[in-house]
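Secondary and tertiary structure notes
Each chain is listed here by its residues.
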Amino acid sequence: MRTVVKTDQHIPAKDSTSSPQSSSNAPIVQLRSVTKTYNNGCHGLLDVSLEVKQKEFLLITGPSGSGKSTLLKLLYGEELATQGEVIVNDCNVTDLRGDRLSLLRRRIGIVFQDYKLIPQRTVAENVTFVLQAQGFTRKEIQRRLEPTLKLVGLLSKANCFPDQLSGGEQQRVSVARAIVGTPPLILADEPTGNLDPDNSWQVIQILQKLNSFGATVIVTTHDEQLVRRCNHPVVQVCNGRLYRK
Ligand SMILES: Nc1ncnc2c1ncn2[C@@H]1O[C@H](COP(=O)(O)OP(=O)(O)OP(=O)(O)O)[C@@H](O)[C@H]1O
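Nothing here was measured: the structure is a model prediction, and the numbers come from that model. (Residues numbered from 1 in each chain as written. Predicted model: local features only at pLDDT ≥ 70, side-chain atom pairs only at ≥ 80, totals over all residues.)

Thoughts on the overall build of the protein
Scanning the protein from terminus to terminus reveals 8 helices and 11 strands. Rg of the C-alpha trace for the protein: 18 Å, near the compact-globule value of 18 Å for 245 residues, within the 12% margin. Viewed in the frame of its principal axes, the protein has a C-alpha envelope of about 50 × 40 × 40 Å. Within the protein, the proportion of its 245 residues that are buried is 37%. Sequence-distant contacts, at least 24 apart, represent 70% of the contacts inside the protein between residues at least 6 apart. (Helix = DSSP H or I, 4+ residues; strand = E, 2+ residues; numbered from the N terminus. Rg over C-alpha atoms; globule rule 2.2 N^0.38 Å. Buried ≥ 20, exposed ≤ 12 C-beta atoms within 10 Å, placed from the backbone. Contact = placed C-beta atoms within 7 Å.)

Quick look at the structure:
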């Protein structure tokens, strides 16, 4: 059996005024004594500290309602911490608004649990939509599209619409959309939540490939079997508190 250790006692936090990190061993994500209390008084996270180094592949596990999604949402500024500091790419996310928050999000690929695909757009359009919004040239978009669809095994489905795809295929479109801009940080919220074991493993392998190319990957899952199969570092969230497994 694995030992469970409270991370908020064991994971060091760095000074918030530190200069930009350049070493590949530098943290890309830091949570320092973070508490998130929602407006209705519900605690999403309680006094959580965590450091994730560049190029790490971290799994966040825990039961439904424990705080996994809250943790990821704090990292891309969808939710703001009630207390503590959330540092991503040397930026204090709590202080970011407007353009500066958009800039940070461009450097984060997000795989949503419910895919969030646009039903009226094809696979190719769903994947390239974000690049267009970010001002990539048409040539650059075309250069990126084919290898990305190939990587997720959907080249032959480029012109299909989401409702013509299986759940696993739709999830892989959402993975393609998250990675096509080659972000240094990928956050995947239950990317295998609705998938069978084969499709789940396929998605994990795609994320592992991106990780081998240098991306930091953080994946939430409640699938203990998948956690054992992956053999990556794991932290567990229980009732809003974080433990290292
Ligand atoms: N917008 C919100 N307003 C109020 N409470 C919320 C909100 N979002 C989440 N919560 C609460 O915060 C706690 C953590 O929720 P969160 O979605 O982070 O859990 P989770 O571990 O991701 O769950 P699941 O595995 O079911 O997705 C839960 O008690 C939830 O009810």
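Quick look at the sheet that holds strand β2 (residues 27–37)
Within a sheet, neighbouring strands are paired by backbone hydrogen bonds and run either parallel or antiparallel to one another. The strand order β3-β2-β5-β6 describes an open sheet built from 4 strands, whose pairing is antiparallel. Strand pairing shows two members of the sheet lacking a second neighbour, β3 (43–53) and β6 (91–92), which therefore form its edges. Sheet topology note: the β2/β3 ladder contains 7 bridges and is antiparallel. Pairing of T37 across the sheet is with H43, part of β3. On the sheet, helix α2 (residues 68–75) packs against β2, β3 and β5 (83–88) and is oriented at approximately 120° with respect to β2. (Pairing = 2+ DSSP bridges. Axes fitted to C-alpha atoms, helices over the stretch in contact; angles between N-to-C directions.)

Remarks on the packing of helix α4 (residues 123–133) against helix α6 (residues 167–179)
The relative placement of two packed helices comes down to the angle between their axes together with the axis-to-axis distance. Here α4 crosses α6 at 30°, and the two axes come no closer than 8 Å. Comparing the axis directions of α4 and α6 gives the class roughly parallel. Crossing of α4 over α6 shows right-handed handedness. Residues V123, N126, V127 and V130 of α4 pack against V173, A176 and R177 of α6. (Parallel < 35°, antiparallel > 145°, perpendicular 65-115°, else oblique. Left-handed = near helix turned anticlockwise from the far one by under 90°.)

Points about the site of the ligand
Residues in contact with the ligand amount to 13 residues; listed here are only the nearest, Y38, S64, K68, S69 and T70. With 3 residues, α2 is the largest single contributor of residues to the shell around the ligand. Taken together, the residues that form the shell around the ligand break down as 2 nonpolar, 10 polar and 1 charged. (Near = placed C-beta within 6 Å. Nonpolar A, V, L, I, M, F, W, Y, C, P; charged D, E, K, R; others polar.)

Let's talk about the domain arrangement of the protein
Parsing the protein into structural domains produces domain 1 (1–9 + 27–107 + 184–245) and domain 2 (117–182). Computed from C-alpha atoms alone, the centre-to-centre distance between domain 1 and domain 2 is 24 Å. Facing the 10 residues of domain 1 at the interface are 11 residues of domain 2. Element by element, the count of residues in the side of domain 1 that touches domain 2 is highest for helix α7 (residues 197–212), at 5 residues. (Domains from an automatic or database assignment.)

Section: the pairing of strand β9 (residues 216–221)
Burial within β9 is extensive, with 6 of its 6 residues counted as buried. Residues T216, I218 and T220 of β9 are buried on one face, and the alternating residues V217, V219 and T221, pointing to the opposite face, are buried as well. Here strand β8 (residues 185–189) pairs with β9 via 5 bridges, running parallel. Bridge pairing in β9 places A188 opposite V219. Assessed by its sense of winding, the connection that carries the chain from β8 through α7 to β9 is right-handed. (Right-handed = clockwise from strand over helix to strand, strands pointing away.)

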